[in-house]
Amino acid sequence: MDFPLLDIRYDGKRIAYLDSAATSQKPAQVIESISDYYKTYNANIHRGIYKISEKATEVYIGSKEKAAKLINAGSYSEIVYTKNATDAINLAAIGWGNRNIKEGDHILITEMEHHSNIVPWQMLAKKNGAVLDYVDVDRSAYTLNEESLEKGLAKSPKIFAFTHVSNVLGTVNDAKRLTKMAHDAGALVLLDGAQSVPHMKVDIRDIGADLFAFSSHKMLGPAGIGVLRAERSFLEGMDPMITGGDMILSVEKQSSTWNDVPWKFEAGTPNIEGGVGFGAAIDYLNAVGMDNIQKHEIEITKYALDALGTDDKVRVYGPDIKSGVRGGIISFSIKGVHPHDIATIFDSHGIAIRTGHHCAMPLVRSVLGLPAAARMSFYLYNNEEEVDRAVQAIKSVKEIFHVG
Ligand SMILES: Cc1ncc(COP(=O)(O)O)c(C=O)c1O
């Protein structure tokens, strides 16, 4: 097994890690790439005229080239490294939004967004006097409501920011179609790829979204590094969010000019080891194949949904798997049992799942009407035996809480 953590036994049991939507496990190849950087070429990038600094620079930029290729972006200059997807969306809202959103403008998002694609737009709307509108989620199909989408776009928003895949419902939005609809309505598009890039082939130029955000730690790479992708000319029209060293071309006493993109957005010493590990993670994903990963996850999700579907005390939230718009995420509840109790019992079975609002309070509280939900999420290292264990854990929950 390439994932050392998944070989460890706790109380004699291998962990069934069903929480990859929160963060993924890391293969040995990623861990070793970071260790190798520290052991053999640890140096700051860009500024050293000596071998190990040159190597660190080459590997760091090389990881951007890999990220660009993975999503079919034009070149590494379109890849801005940020701390994570959240930081990337904040950069978009501040670096693009502050300049372009004016009083009375509309910003359109959806009810299925993660807080990272809500709060930055709320802040921007408050600061610049704009209006924040939401596309509703259909309460039975768990997809975006078409009528509400059309209504939102009819207000001529300046930007439509939406998630590619919901981290709660597993809904896969048709990003290409939605982007076209937004462009036809005169809006730019920010696409949140935090839950899509790790799990499926994404061709960002085909989709056509103007701004695209995702995180390394959800795709086998280290935490602390993420991506904001936009075309070079788009990035050139944005302001930096953080200023200081490395992002400048020249500094006078009263003013400064900026470095070329993407460097104008990367002030200070970046997360070099993060870039190194991220590159290794992309190599790993490519070796397995994104199509194979997606196929495996759909199979395992189908298997789990079939097992849960036979239990009338379990309620699952998300689109029908047959609809073809569902990824490997299953949020569920068990009648009369608080989700935290479900997770605690799962843990006693050696199964890691997540409960709570999943950083999507408007969706979980208002749309699903729940205080919290339990969530299983799958990745390339999960298997059917782990789903069987989850089904057994549900049985235990029901016995302990006398459900049914
Ligand atoms: C859909 C979605 N968007 C954005 C994020 C934020 O990612 P990060 O915490 O890496 O910034 C998450 C994290 O769970 C997510 O699921």
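Predicted, not measured: the structure shown is a model, and the values here were computed from it. The residue numbers shown here count from 1 along each chain, following its written sequence. Local features in this predicted model are restricted to residues whose pLDDT is 70 or higher, and side-chain atom pairs enter the listing and the counts only when it is 80 or higher, whereas totals over whole chains, interfaces and linings include all residues. The side-chain quantities take in all heavy atoms of the structure and omit both hydrogens and water.

Colleague: What is the right way to look at the sheet that holds strand E17 (residues 373-377) in this model?
Modeller: With antiparallel pairing, four strands are arranged side by side in an open sheet as E13-E14-E17-E16. The open sheet has two edge strands, strand E13 (314-317) and strand E16 (354-356), and neither has a second partner. Neighbour-to-neighbour, the strand axes of this sheet turn through a mean angle of 30 degrees, independent of strand direction. Should DSSP find at least two bridges between two strands, the strands are taken to pair. Helix and strand definitions follow DSSP, with helices as H or I runs of at least four residues and strands as E runs of at least two, each counted in order from the N terminus. Both strand E14 (residues 329-334) and E17 contribute to a ladder of four bridges, which runs antiparallel. Across the sheet, residue Ile330 finds its bridge partner in E17, namely Met376. Here, two residues are considered to be in contact whenever any of their heavy atoms come within 4.5 Å of each other. Working convention: axes come from line fits to C-alpha atoms, limited for helices to the stretch in contact. Angles between N-to-C directions cover 0 to 180 degrees. Running over the sheet, helix H10 (residues 290-309) touches E13, E14 and E17 and is turned about 15 degrees from E14. Each of E13, E14 and E17 is contacted by helix H13 (residues 384-400), which is oriented at about 15 degrees to E14, the strand it contacts most.

Colleague: Can you help me understand the packing of aromatic side chains in this one?
Modeller: In this analysis, rings of Phe, Tyr and Trp, with Trp reduced to its six-membered ring, are considered paired at centre separations within 6.5 Å, and the interplanar angle assigns stacked below 30 degrees, edge-to-face beyond 60, and tilted for intermediate values. Tallied over the full model, the rule gives 14 aromatic pairs. Summarising the aromatic geometry, the rings of Phe3 and Tyr284 are spaced 5.7 Å apart at their centres and angled 80 degrees between planes, so their arrangement reads as edge-to-face. Placement of Phe3 in the segment before strand E1 (9-10) and of Tyr284 in helix H9 (residues 272-288) is noted, with a sequence separation of 281 residues between them. For the pair shown, Phe3 and Tyr284 are each scored as buried. Relative to Tyr38, the ring of Tyr37 lies with its centre 5.3 Å away and its plane at 50 degrees, an arrangement referred to as tilted. Summary of the burial criterion: residues with accessible area below 20% of their type's maximum are buried, those above 50% are exposed, and those between are partly exposed, where the area comes from a 1.4 Å probe applied to protein chains only.

Colleague: Which parts of the structure should I look at to understand the domain arrangement of the protein?
Modeller: The domain boundaries here were taken from an automatic or database domain assignment. According to the domain assignment, the protein consists of domain 1 (4-27 + 290-400) and domain 2 (29-286). Distance from the C-alpha centre of domain 1 to the C-alpha centre of domain 2: 27 Å. Of the residues lining the interface, 38 residues belong to domain 1; the matching set on domain 2 comes to 35 residues. The term buried area means the drop in 1.4 Å probe accessible area that two parts suffer when joined, counted for both and summed. Carbon and sulfur atoms supply 60% of the area buried between domain 1 and domain 2, which totals about 3,100 Å² over both sides. Broken down residue by residue, the surface that domain 1 buries against domain 2 is led by Pro27, Met290 and Leu363, which jointly contribute 23%. In what follows, salt bridge is the name for a side-chain nitrogen of Lys or Arg lying within 4 Å of a carboxyl oxygen of Asp or Glu. Here domain 1 and domain 2 share one salt bridge between them. For Lys201, the salt bridge goes to Asp291, with nearest N and O atoms at 3.3 Å. What qualifies as a polar contact is a pair of N or O atoms within 3.5 Å, subject to a donor-acceptor requirement within protein and to the restriction that residues adjacent in sequence count only when both atoms come from side chains. Remark: the boundary between domain 1 and domain 2 carries 23 residue pairs in polar contact (both at pLDDT 80 or more).

Colleague: Please explain the sheet that holds strand E10 (residues 226-229) as it appears in this structure.
Modeller: The pairing of strands in a sheet happens through backbone hydrogen bonds and is either parallel or antiparallel. What the seven strands build is an open sheet, ordered E4-E10-E9-E8-E7-E5-E6; its pairing is mixed. The sheet is open, and its two edges are formed by strand E4 (79-82) and strand E6 (131-135), each paired on a single side. Neighbour to neighbour, the strand axes of the sheet diverge by 20 degrees on average, direction disregarded. Taken together, the two bridges between strand E5 (residues 106-110) and strand E7 (residues 159-163) define a ladder with parallel strand orientation. For Leu108, the partnering residue across the bridge sits in E7 and is Phe160. Contacts from helix H3 (residues 85-100) reach E4, E7, strand E8 (188-192), strand E9 (211-215) and E10, with the element oriented near 155 degrees to E9.

Colleague: Explain helix H11 (residues 339-348) here, please?
Modeller: Along an α-helix, residues three or four apart share an orientation, since each turn contains 3.6 residues. Every buried residue of H11 is accounted for by Pro339, Ile342, Ala343, Ile345 and Phe346. On an axial view of H11, the arc spanned by its buried residues comes to 165 degrees, and they lie on one face. Of the exposed residues in H11, the ones pointing more than 90 degrees away from its buried face are Thr344 and Asp347. As for H11, its buried residues are in contact with E14, strand E15 (351-352), E16, E17 and H13. Within this analysis, the arc is defined by the directions that extend from the helix axis to the C-beta atoms.

Colleague: It is not clear to me how the packing of helix H2 (residues 51-70) against H9 should be interpreted in this structure. Could you clarify?
Modeller: The relative placement of two packed helices comes down to the angle between their axes together with the axis-to-axis distance. One can describe the packing of H2 onto H9 by two numbers: an axis separation of 8 Å at closest approach and a directional angle of 40 degrees. For the element pair H2 / H9, the angle class is oblique. Both H2 and H9 take part in a crossing whose hand is left-handed. Along the contact surface, H2 presents Val59, Tyr60, Ser63, Lys66, Ala67 and Leu70, while H9 presents Ile272, Gly275, Val276, Phe278, Gly279, Ile282, Asp283 and Asn286. Gly falls in the polar group here, along with every residue not listed as nonpolar (Ala, Val, Leu, Ile, Met, Phe, Trp, Tyr, Cys, Pro) or charged (Asp, Glu, Lys, Arg). Its residues assigned to classes, the contact of H2 with H9 shows eight nonpolar, four polar and two charged. Angles are sorted into four bins: roughly parallel if under 35 degrees, roughly antiparallel if over 145, roughly perpendicular if 65 to 115, and oblique for all others. Left-handed describes a crossing whose near helix is turned anticlockwise from the far helix through less than a right angle; right-handed describes the clockwise counterpart.

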